[in-house]
Amino acid sequence: MGAGPLRLPESATPFKSRAPVPYSRQRIGLEDWGTLGRASPSLQLCPSRSHKVKQNEVTCAPVPFTADDHQFMNEALAFARIAFSEREVPIGAIVVREGKMIGRGRNRREFLADPTHHAEIEAIREAARSAGTWRLEGATLYATVEPCAMCAGAAVNARIARIVYGCADPKAGYCGTLGDVPRDGRLNHRCEVEGGLLAEESAALLQLFFRARR
C-alpha cells in the first residue's frame, strides 16, 4: 500500500470532519462484504409484531427507523469516512443519549497500534467521560458495522440501552450473526439490537476500501 491518505471519489457523500477511530477484527476480503447490505430476511422490517425470532437471528425493528436514527447513523458514517481517509478499516460509531451525541469514534488500530481501539470502544469511552459515569443507561450506540464480541460486551458493561448497526459482519459480528452477546439472558444487562440501518452505504464504503487496497 502506498503512502498518503485514501480519497473518496467525488461522487461520494461529503461529510464534516469532526474530532474523533482500528479495528482488530479479522481482515475481511472484498468478496465477503459484497453481499452485505443486500436484502435478506434478517435485515428487513418485520412483517408483523408476531414474527417469531430464531436463536441468534439478527432481529429487525418492529417499526421503521426514525428520522433521528438516520441522522445519527449518517454521523457514524462520517467518522467511518474519516477512518477511510486515514487508511483504516472504515468503521465509525457514536453514542447518543437524550437526543445528543455524547461519544464519537472511528477505527484507529493501525495508527495507535492498539488491538482494542475499535470505533465503538472509542465512542463509549468518550461518552463515559462526557457523562461523568461509566453507566450509560438510556443511551444508544450507533455503529456502521455489527459490533464484535469485545464491543458488544463493552456496550453491555456500559449499560447501553440500544445498539443500532448498519451492515452485518459475517466474520466477527456478535450482535446476532456469530453470537448474540447483547441479548444473552444470562447477563445482568441486555441491550435492544436493531440492524440494517443504511446497510448498503456502510457496506459500499468497506468495498471501496478493500478495492483500493488491491
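Thresholds, definitions, all that
Residues numbered from 1 in each chain as written. Predicted model: local features only at pLDDT ≥ 70, side-chain atom pairs only at ≥ 80, totals over all residues. Heavy atoms only, no water. Phe/Tyr/Trp six-rings, centres within 6.5 Å; stacked < 30°, edge-to-face > 60°. Helix = DSSP H or I, 4+ residues; strand = E, 2+ residues; numbered from the N terminus. Buried < 20%, exposed > 50% of the residue type's maximum accessible area, 1.4 Å probe, protein only. Salt bridge = Lys/Arg side-chain N within 4 Å of Asp/Glu carboxyl O. Pairing = 2+ DSSP bridges. Axes fitted to C-alpha atoms, helices over the stretch in contact; angles between N-to-C directions. Contact = heavy atoms within 4.5 Å.

## Quick look at the packing of aromatic side chains
Per the stated rule, a full pass over the model turns up three aromatic pairs. For the ring pair F72 and Y142, a centre distance of 5.6 Å and an interplane angle of 45° mean the geometry is tilted. Taken together, the positions of F72 in helix α2 (residues 67-85) and Y142 in strand β3 (residues 140-145) put the pair 70 residues apart, joining distant regions of the chain. Given a relative accessible area of 9%, F72 falls into the buried group.

## As for the pattern of salt bridges
Per the counting criterion, the structure on display carries nine salt bridges. Its salt-bridge partner being R106, residue E86 comes within 2.9 Å of it at the nearest N-O pair. On the criterion of sequence distance, the pair formed by E86 in the loop between α2 and β1 (92-97) and R106 in strand β2 (residues 100-106) is long-range, its members being 20 residues apart. Its relative accessible area of 8% is what places R106 among the buried residues. Residues R135 and E137 are paired through a salt bridge, measuring 3.7 Å at the closest nitrogen-oxygen approach. By relative accessible area, which is 36% here, R135 ends up partly exposed. Each member of the salt-bridge network shares a partner with another, and the members are D69, R162 and E194.

## Quick word on the sheet that holds β1
Pairing is mixed across the open sheet formed by five strands, whose spatial order is β2-β1-β3-β4-β5. At either margin of the open sheet sits one strand with a lone partner, and together these are β2 and β5 (192-195). Strand-to-strand twist of the sheet, defined as the mean angle between neighbouring strand axes without regard to direction, takes the value 15°. Here β1 pairs with β3 via four bridges, running antiparallel. Considered in β3, the bridge of V95 is made with L141. Against the sheet, helix α6 (residues 199-213) touches β3 and β4 (162-167), its axis set at about 55° to β4.

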